[in-house]
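Single-letter residue listing:
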Protein chains: 2
Amino acid sequence: MKKSYIMTPGPVPISNEVLIEHGRPLMHHRSPEFSKIFAEVTDKLKKFMQTTNDVFILTSSGTGAMEAAVTNTFSKGDKVLVVNAGNFGERFKKISTTFGLNVISLDYEWGQSAIPSDIKKALDENPDIKGVMIQQSETSTGILNNIESVGKIVKNYPAILIVDAISGIGASEIKVDEWGLDIVCGGSQKAISAPTGIAFISVSRKAWEMIEKSDIPKFYFSLNAAKKYADKNPPQTPWTPGISIIVAMNKALDMFFEEGREKVYERHRVNALAVQKACEKLCLEMLVSDTASRGVSVTSIKVPEGIDGKLLTKTMRIKYGVTVAGGQGKLQGLIFRIGHLGYVGIFDVLVAIAALEFALKEQGWKFELGTGTTEVQKIFFENNYMSE
Amino acid sequence: MKKSYIMTPGPVPISNEVLIEHGRPLMHHRSPEFSKIFAEVTDKLKKFMQTTNDVFILTSSGTGAMEAAVTNTFSKGDKVLVVNAGNFGERFKKISTTFGLNVISLDYEWGQSAIPSDIKKALDENPDIKGVMIQQSETSTGILNNIESVGKIVKNYPAILIVDAISGIGASEIKVDEWGLDIVCGGSQKAISAPTGIAFISVSRKAWEMIEKSDIPKFYFSLNAAKKYADKNPPQTPWTPGISIIVAMNKALDMFFEEGREKVYERHRVNALAVQKACEKLCLEMLVSDTASRGVSVTSIKVPEGIDGKLLTKTMRIKYGVTVAGGQGKLQGLIFRIGHLGYVGIFDVLVAIAALEFALKEQGWKFELGTGTTEVQKIFFENNYMSE
C-alpha cells in the first residue's frame, strides 16, 4: 500500500472537484453546450491573465503554444532575441532555428535570472530585432524573471515580447496588459491545476500586426484559424479540442478565483519558502543562490557530494510514492526539483520533505530525522498559513 | 484552499482505485452481472474472515449486523452476557434489551480490555446463558479484546459467541473458524476501506441451530431470507442492496489480498505505534494505559487539563482539514480519537500529527513544534515501514 504524491512542476496535484468535472460524459465540440463552456473558459482565462487581448485555447502542451507564438508572428530570417537561462530558453531557441529565424541568444548561467538592462542593450544594438522571447518562470532552474521590467523596455521598440509564463502564471503575478506583454503562453497543468493537454495564448494588437505579415507555414497552430472559429457565434475551435480538459479548467479557474489571486500567491510564497528553508536546514544547497531570483513554482536543489541524485529521486518515488523532478538538460544528475505550484497545500510540502529526509537518510546523509519537517511546520505556523 | 484528510475510525480514506469502481454505472441487482460480483464478494469476505461459515452481505451500517446477530439467534427472555467496555458494548446491551433479552452485563472501565476468565466465570455461574457478545476492537476507547481466548472458552458452553469485529477485522488478526467464533460482524467502511453502507456477518452451524428456534420478529435483517436468496442460482439479496458499495468492496478486497494480510497488519501496527509514540512525545496521555490492551485501529488520547478538546478537534478540522473523532458516550469531551485503520499510510499519520501539533500550539500547549512529527518519522524509519 503506497499513496502517490506528485510534487513536480507539472503535472501538479488536481483537486477532487476538478477531477469530478473532468470525469463527466463528453459533450460534442460543435454543440451549443460546449460553445458555452468554451466561451466561459476563454473569458476566465482573460481574467486569469489580466488582459483584454485575444486569448486562444490550443489543444497541446505548453510547447505547442510556444511554437504557435513563434510560427504565427515571425517570417523566415527574422532576427529574434532569445533570453536563455535554462532548458526552456533553449527550447525557444530550438523552435526559432527550426523555423528559420535568426537567433541572438542572451545566455545566463542556469540558476541566474535575466538582467532586464541586457535586453535593452541588445535591442539598442540590434534595432532590427523583431521579437524578444523569455520565460517568466524558468522551470528547469526555478528562477523568476522580472517580466514587468522587461515589458516596460520592449514596448518602446518595434519588437514584440513573447513570454512563456507556463509554470509562472497563477503562482506569481503577471499583468499582461499593464506590463505590455504581447504574447503570453500558459498551460492547463500548472498553477491552474487541471489535467495536462491544453495550452492558452494571449495575443496583443502589436502581435496581430506581425501575424498578418508572417510567412512561416502553420496549420494546426494557426492563430488566424483559431480566431476565425472563436469569432463564430457560438464560438468554437477549428479542430477537435480536449473537451474534458477544458471542462475541468472551467472548474479549476473558478476555484482559483474563489480562493482569490492574492491568497493563491501567498500560498505559493509560503510553500516555496518552507521547501527552501527546510532543505537548507538539511544542509542542502539551492541552485538559485540569489534569493531574490527564486520563483515560487519549483525549487532546484543541488545534489550534494556523496549522494546519488538519481537514486535519491527514485527512492522517493518508488519507496515513498513521492514524485519529484530531476534536472533537465545540462543539470541532469546535478540537481533535483521539488514542484510546489498549483493545488499544493501545507501537508503536501510536509510529505515531500519527509520523503526527502527518508531518501537522504538511506544514503547516509548526516542530519537529525525530522529537521526538515520541523522547519516546514515552523514556517507554516509563523506565516499563519491557514485561516478558518 | 484546504485539502481534507479523514483520520477517524470509520469512514476511513478510500483509494482512487476503489472510488473509480464505486463510480461505475449501476448494474441491476437482479442481473447476472451483479450476481457474479455478489458471489465474488461473498467468497472474498469468507477468505477475509478466514471462515467456511455462511457469510451474508447486509445493506446497513455495522449496527444493522449487530441487530441481525441478536434478533436472528435469540428468543424473548433469553439470558445473554454482554461484555461492556465502551460505547459499542453499551450498544449490544441496548439492542438486547430492546428485543426483550435478559442481559447480564460484564462491565469494565472504559479504556480497559475484557479479562477472558471473567467470561468463563459468568458462564459457569449462569449455565443458561444463550450467547456472549463482545467487541474485538472497542471503537470508543481503542482497546482490543483477546477474542482468541474468549472463543476457546465459549465453545465449551451451549452459548454462542457474537463478535462485533467491525473496527477490528482486517486491521488485527481474527480467525473465525480456528477461534470458534459463531457470529462475526464487519462493515465496509473500516479496514476494507470502501464507502459506508454495507455490513457483513458470518454464521456458524451452532448459530444456525439457534436461528431455527429464534422467536424474535425480524424482516429486513432476516438471515433466513438472506440465506434463501444467497442459495439461489445465481445468488442474490432478498432486498435491493447497495450495489455500488458492493462493487467497490470487490476492488477493496482485492487490494487487501494484493497487499497481503501480514503486511496490512504490520502497517496498522506501525501506524498505531507512530501515533501513540508521537502523542506521548507531545506529553499527551493515552486513555488505554496498558499497552498490551491497545488496538491498532484507533487511538484514544486524553484531553489534557487546560486544553479545550472540542476546540482542538474543531481547529484540526476547520483550519487544517484533518478530521479526527471526539469521545463517545461518557468520554465525550474527555478524549479525542485518531483513526489509523484502512487505507492509511505513513504520510497520513504524519499529517494528522502535524495538524494536532498546530491545534495544540494554538491553545498554548507547551512543546517544540515538530516533536510529534519527528517521532512519527523515526518510528517509520526504524520499523522499515516502506519496502520497494
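For the structure itself, look to the data block above.
Residues numbered from 1 in each chain as written. Chains lettered and ligands numbered in written order. Predicted model: local features only at pLDDT ≥ 70, side-chain atom pairs only at ≥ 80, totals over all residues.

**Brief notes about the packing of helix H3 (residues 62-73) of chain B against helix H4 (residues 87-98) of chain B**
Residues and elements named next belong to chain B. Taken N-terminus to C-terminus, the directions of H3 and H4 make an angle of 50°; their axes are 10 Å apart at the nearest point. When the interaxial angle is binned, H3 and H4 end up oblique. Where H3 crosses over H4, the two elements pack in a sense that is right-handed. Here H3 contributes Thr63, Met66, Glu67 and Val70 to the contact with H4, which in turn contributes Arg91, Phe92, Ile95 and Ser96. For the contact of H3 with H4, the residue count by class is four nonpolar, two polar and two charged. (Axes fitted to C-alpha atoms, helices over the stretch in contact; angles between N-to-C directions. Helix = DSSP H or I, 4+ residues; strand = E, 2+ residues; numbered from the N terminus. Parallel < 35°, antiparallel > 145°, perpendicular 65-115°, else oblique. Left-handed = near helix turned anticlockwise from the far one by under 90°. Contact = placed C-beta atoms within 7 Å. Nonpolar A, V, L, I, M, F, W, Y, C, P; charged D, E, K, R; others polar.)

**Side note on the packing of helix H11 (residues 309-319) of chain B against helix H12 (residues 346-362) of chain B**
Residues and elements named next belong to chain B. It is the contact of H11 with H12, at a shortest axis distance of 9 Å, that shows an interaxial angle of 130°. Taken together, the axes of H11 and H12 lie oblique to each other. Judged by the twist between their axes, the crossing of H11 over H12 is right-handed. Across from Leu312, Thr315 and Met316 in H11, the residues of H12 making contact are Ala355, Leu356, Ala359, Leu360 and Glu362. For the contact of H11 with H12, a count of residues per class yields six nonpolar, one polar and one charged.

**So, the sheet that holds strand S11 (residues 298-302) of chain A**
Residue and element names in this part refer to chain A. Taken in spatial order, the three strands make up an open sheet running S11-S14-S13, and their pairing is antiparallel. If you trace the sheet from one side to the other, it starts and ends with S11 and strand S13 (325-326), each paired once. Judged from the two bridges that link them, S13 and strand S14 (residues 335-339) form a sheet pairing that is antiparallel. Paired with Gly326 across the bridge in S14 is Phe336. (Pairing = 2+ DSSP bridges.)

**With respect to helix H10 (residues 261-281) of chain B**
All names here are of chain B. A rise of 1.5 Å per residue sets the reference length of H10, with its 21 residues, at 30 Å; its end C-alpha atoms lie 30 Å apart and thus fit the reference within 8%. Buried within H10 are the following residues: Val264, Arg267, His268, Val270, Asn271, Ala272, Leu273, Ala274, Val275, Gln276, Ala278 and Cys279. Those residues of H10 that are buried lie in contact with helix H9 (243-259), strand S9 (298-302), strand S12 (335-339), H12 and helix H13 (371-382). Phi turns positive, to about 65°, at Cys283, one or two residues after H10. (Expected span 1.5 Å × (residues − 1). Buried ≥ 20, exposed ≤ 12 C-beta atoms within 10 Å, placed from the backbone.)

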